[in-house]
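Chain residues, written in single-letter form:
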Amino acid sequence: MSLTGTPFLYTLVALCLVAVVLPLGLWSRVRGPKVVRAVARVLMVLFAQGTAVALVFTMVNNSNQLYDNWGDLLGTSDHVHEAADLGASGTGGIALEKLPKVRQTFQRAKGPGMRAEGGVLVTQLKGRVSGVHAEVNVWLPPQYHEPAYRNHRFPVVEVLPGYPGSSKAWYGTMDAPQQLAPLMRSGQVEPFIIVSPRTTLLPGKDTGCANIPGKVNADSWLSIDVPKMVRDNFRAQAAPDGWAVAGYSAGAHCAAKLAVAHPDRYRAAVSMSGYNDPVAVPQSLAGKSPALRAANNPYALLKGSRVPPRVALYMSGQPNDGYEAAMALKRTAKAPTTVNVVFVPSDAGGHTMALWKPQVVPAFRWLSEVMGNEHRARTAPGTTPLAPSTAGSRHAELASGTSSPAVGARRP
């Protein structure tokens, strides 16, 4: 029975009802010695508490899409087939352009939000470079199958969840397709392909989008294997100008790190409530040594770069939850690196999906402006014109996209 499936949820609801009715009917009818009666009543209480906790956990998990399956919850899922030392480039000396095309078989994905707005496609990818074997979800924009766009190549945004987090979260809890599809149809947002790969690759560990020989090559999985598969199977634009990466929480950290570390692979990144030093997450493998921390800290990478990377960063955060990290990057950035900081007030909500979901539209408006302006001059006639972008800062305004980006420079 699936952890996130409706049958499991309904089973727990039924068990909770039984747990309430059982003591009402049997509490005074238990027979036998005093010890036996006491044990029976304690078991009824424990059964009621256990089913209640399980139901609440399941509802929270389904709402936030933290654990996708039993393997993730129990810490038995291992998606690393091998983790060779791939060197600083993450390629292991492989000439990527000479690799044969990756041809994948896709199925219709199941789960909350996975069938909305045309549905999500899913495939099991065996990463030739990274050694990671895991699922990748792909959502195609409304224009993808229209005759007028049959020769058009679309920009791509790779979206990452937090830790723990499901690869389905951006389609389900975040409702990205439902929010963005109408705006793509009307030309207010660029028609992006949205790709969500699995990021929980080892049991009970946050890989921190890092390459760690002998452990995991999460960076190469996200920045090499997944993009190559998408370009080989869909009409996707080339890197870096046609590619961006976005995430929240731990995924926000990864988004900023990947863009800063690989300006040859990504043009832009969106970071919601992110951090710079991976040691912020106790389970992060990237925080286990000073060398790994420095190699996976976007601030350290940006500050130590002899040639500033040509990337644009959109970073939103609250006081003590992403804002200070974003401002640190903004202060150290030098052209052509750009950092747009959006301050989110403390009363907008905490470190939850309810805070990040309203930021989807403003973030994608910004991505449309940053990536669309550069690519528009080279785009074939007939591309849908875009409306001006506005980035939000307050919770209500983040949902409507009506606030000013200037607010991002203010301190609380």
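Our subject is the structure listed above.
Structural notes, computed from the coordinates. Just so we're clear, the structure is a prediction, and the values are computed from it rather than from any experiment. (Residues numbered from 1 in each chain as written. Predicted model: local features only at pLDDT ≥ 70, side-chain atom pairs only at ≥ 80, totals over all residues. Heavy atoms only, no water.)

Our next topic: the packing of aromatic side chains. Summed over all chains, the structure comprises 9 aromatic pairs. On the numbers, 5.1 Å between centres and 70° between planes, the contact of Phe106 with Phe234 is edge-to-face. In this pair, Phe106 sits in the loop between helix H3 (70–74) and strand S1 (107–108) while Phe234 sits in the loop between helix H5 (218–233) and strand S8 (243–248), placing the two residues 128 residues apart along the sequence. Judged by its relative accessible area of 9%, Phe234 is buried. Each residue in the set Phe106, Tyr144, Tyr149, Phe154 and Phe234 is aromatic and connected to the rest through ring pairs, giving one cluster. In this arrangement the basic side chain of Arg235 is found over the ring face of Tyr144, its NZ or CZ atom lying 4.2 Å from the centre. (Phe/Tyr/Trp six-rings, centres within 6.5 Å; stacked < 30°, edge-to-face > 60°. Helix = DSSP H or I, 4+ residues; strand = E, 2+ residues; numbered from the N terminus. Buried < 20%, exposed > 50% of the residue type's maximum accessible area, 1.4 Å probe, protein only. Lys NZ or Arg CZ within 6 Å of the ring centre and 35° of its normal.)

Read across the open sheet, the 9 strands follow the order S1-S2-S3-S5-S4-S8-S9-S10-S11; overall the sheet is mixed. Of all strands in the sheet, those bounded by a partner on one side alone are S1 and strand S11 (338–343). Two elements, strand S4 (residues 156–160) and S8, share 5 bridges in a ladder whose sense is parallel. Bridge assignment links Val159 to a residue of S8, and that residue is Ala246. Contacts from helix H9 (residues 323–332) reach strand S10 (312–317) and S11 within the one sheet, and its direction differs from that of S11 by about 155°. (Pairing = 2+ DSSP bridges. Contact = heavy atoms within 4.5 Å. Axes fitted to C-alpha atoms, helices over the stretch in contact; angles between N-to-C directions.)

Keep in mind these numbers describe shape, not what the thing actually does.
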